[in-house]
Amino acid sequence: MSLEKIKEEAILPTPWGKFILIGFKENTKIEKNHVALIYGKILNNTNPILVRVHSECLTGDALFSLRCDCGFQLKKSMKMIASLGKGIIIYHRQEGRNIGLLNKIKAYSLQDTGLDTVEANHKLGFLADERNFSVCADILNNLNIKDIFLLTNNPLKVIAMKKLGINVIKRVSLIVGRNINNSIYLDTKEKKMGHCLKKNIQ
């Protein structure tokens, strides 16, 4: 994949501290931009870095949706990384597990009729998860990061990153945000997609 890092960097003040915002551009037919949020000094680091690969979720991250756990996970990731003093959040611009925002709304509509998230994707002609994590590995390589602790509940994401050459030393759980509106969604992720949503499972 052809990935271009823009030379400009910017400070992003947040409730948890100041992150450095770095932009990346995919040089493909459908240009997508991704960002990395860097906290602390990561250059020439000999220890693994805590990394969150966070796939874009407009409804959860920006519109406070309770249908998923995405917004809760993003906030918790930023807080955890800031408390550790260093880490990286890759904001992965593949909305709705890469089916796009409008198809995600269609999937939500199907879920309103009783389908779960996997069934809704299949009904629309998609896989349960259409994401490709190669750009995330490219970003880490660009930042010269090879050894990481991956902040995720999804073992398949660990496998994907390892296949792309990233040395995932450990998976770190990120179990937050369960509520009456997303309990079926989370149960489906656990039962049908293999997510580890039990406390203290690594």
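Residues numbered from 1 in each chain as written. Predicted model: local features only at pLDDT ≥ 70, side-chain atom pairs only at ≥ 80, totals over all residues. Heavy atoms only, no water.

Student: Account for the overall build of the protein chain, naming residues and giving values.
Tutor: In terms of regular secondary structure, the protein chain is built from 8 helices and 7 strands. A globule of 202 residues ought to have a C-alpha radius of gyration of about 17 Å, and the protein chain, at 17 Å, matches this closely. Along the first, second and third principal axes, the C-alpha atoms of the protein chain reach 50 × 40 × 35 Å. Across the 202 residues of the protein chain, 47% fall into the buried class. The contacts of the protein chain with a sequence gap of at least 6 include a subset with a gap of at least 24, amounting to 60%. Taken as a whole, the protein chain presents about 10700 Å² of accessible surface, with 56% of it coming from carbon and sulfur. (Helix = DSSP H or I, 4+ residues; strand = E, 2+ residues; numbered from the N terminus. Rg over C-alpha atoms; globule rule 2.2 N^0.38 Å. Buried < 20%, exposed > 50% of the residue type's maximum accessible area, 1.4 Å probe, protein only. Contact = heavy atoms within 4.5 Å. Areas by Shrake-Rupley, 256 points an atom, 1.4 Å probe, with all protein chains shown as cover.)

Student: An account of a nonpolar patch on the surface is requested, with residue identities and associated values reported.
Tutor: Judged by side-chain polarity, Leu 58, Leu 63, Leu 101, Leu 102 and Ile 105 come together as a nonpolar surface patch covering roughly 460 Å² of accessible area. Broken down by element, the nonpolar patch gets its largest block of residues, 3 residues, from helix H4 (residues 101–112). On the secondary structure map, Leu 63 appears in the loop between helix H1 (58–62) and helix H2 (70–84). The exposed category is assigned to Leu 63, whose relative accessible area is 55%. (Patch = residues over 30% accessible without salt bridge, like charges linked within 9 Å, V, L, I, M, F, W, Y side chains within 5 Å. Salt bridge = Lys/Arg side-chain N within 4 Å of Asp/Glu carboxyl O.)

Student: With reference to specific residues and values, describe the side chain of Asn 153.
Tutor: Its place among the elements puts Asn 153 in the loop between strand S6 (147–151) and helix H7 (155–163). Asn 153 gets classed as buried once you look at its relative accessible area, which sits at 4%. What Asn 153 contacts, discounting residues up to four positions off in sequence, is Gln 73, Arg 171, Ser 173, Leu 174, Ile 175, Gly 194, His 195, Cys 196 and Leu 197.

Student: Could you give an account of the packing of aromatic side chains, with specific residues and numbers?
Tutor: When we look at a pair of aromatic rings, we describe it by the centre distance and by the angle of the planes. Counted under the stated rule, the structure contains 1 aromatic pair. With a centroid separation of 4.9 Å and an interplanar angle of 65 degrees, the aromatic rings of Phe 19 and Tyr 39 are classed as edge-to-face. Of this pair, Phe 19 sits in strand S2 (residues 17–26) while Tyr 39 is found in strand S3 (residues 33–39), placing the two residues 20 residues apart along the sequence. No difference in accessibility class separates Phe 19 from Tyr 39, as the two residues are buried. (Phe/Tyr/Trp six-rings, centres within 6.5 Å; stacked < 30°, edge-to-face > 60°.)

Student: For the pairing of strand S7 (residues 167–172), give the residues involved together with the corresponding values.
Tutor: Strand direction decides the pairing type here: S6 and S7, joined by 5 bridges, are parallel. Bridge pairing in S7 links Asp 147 to Asn 167. (Pairing = 2+ DSSP bridges.)

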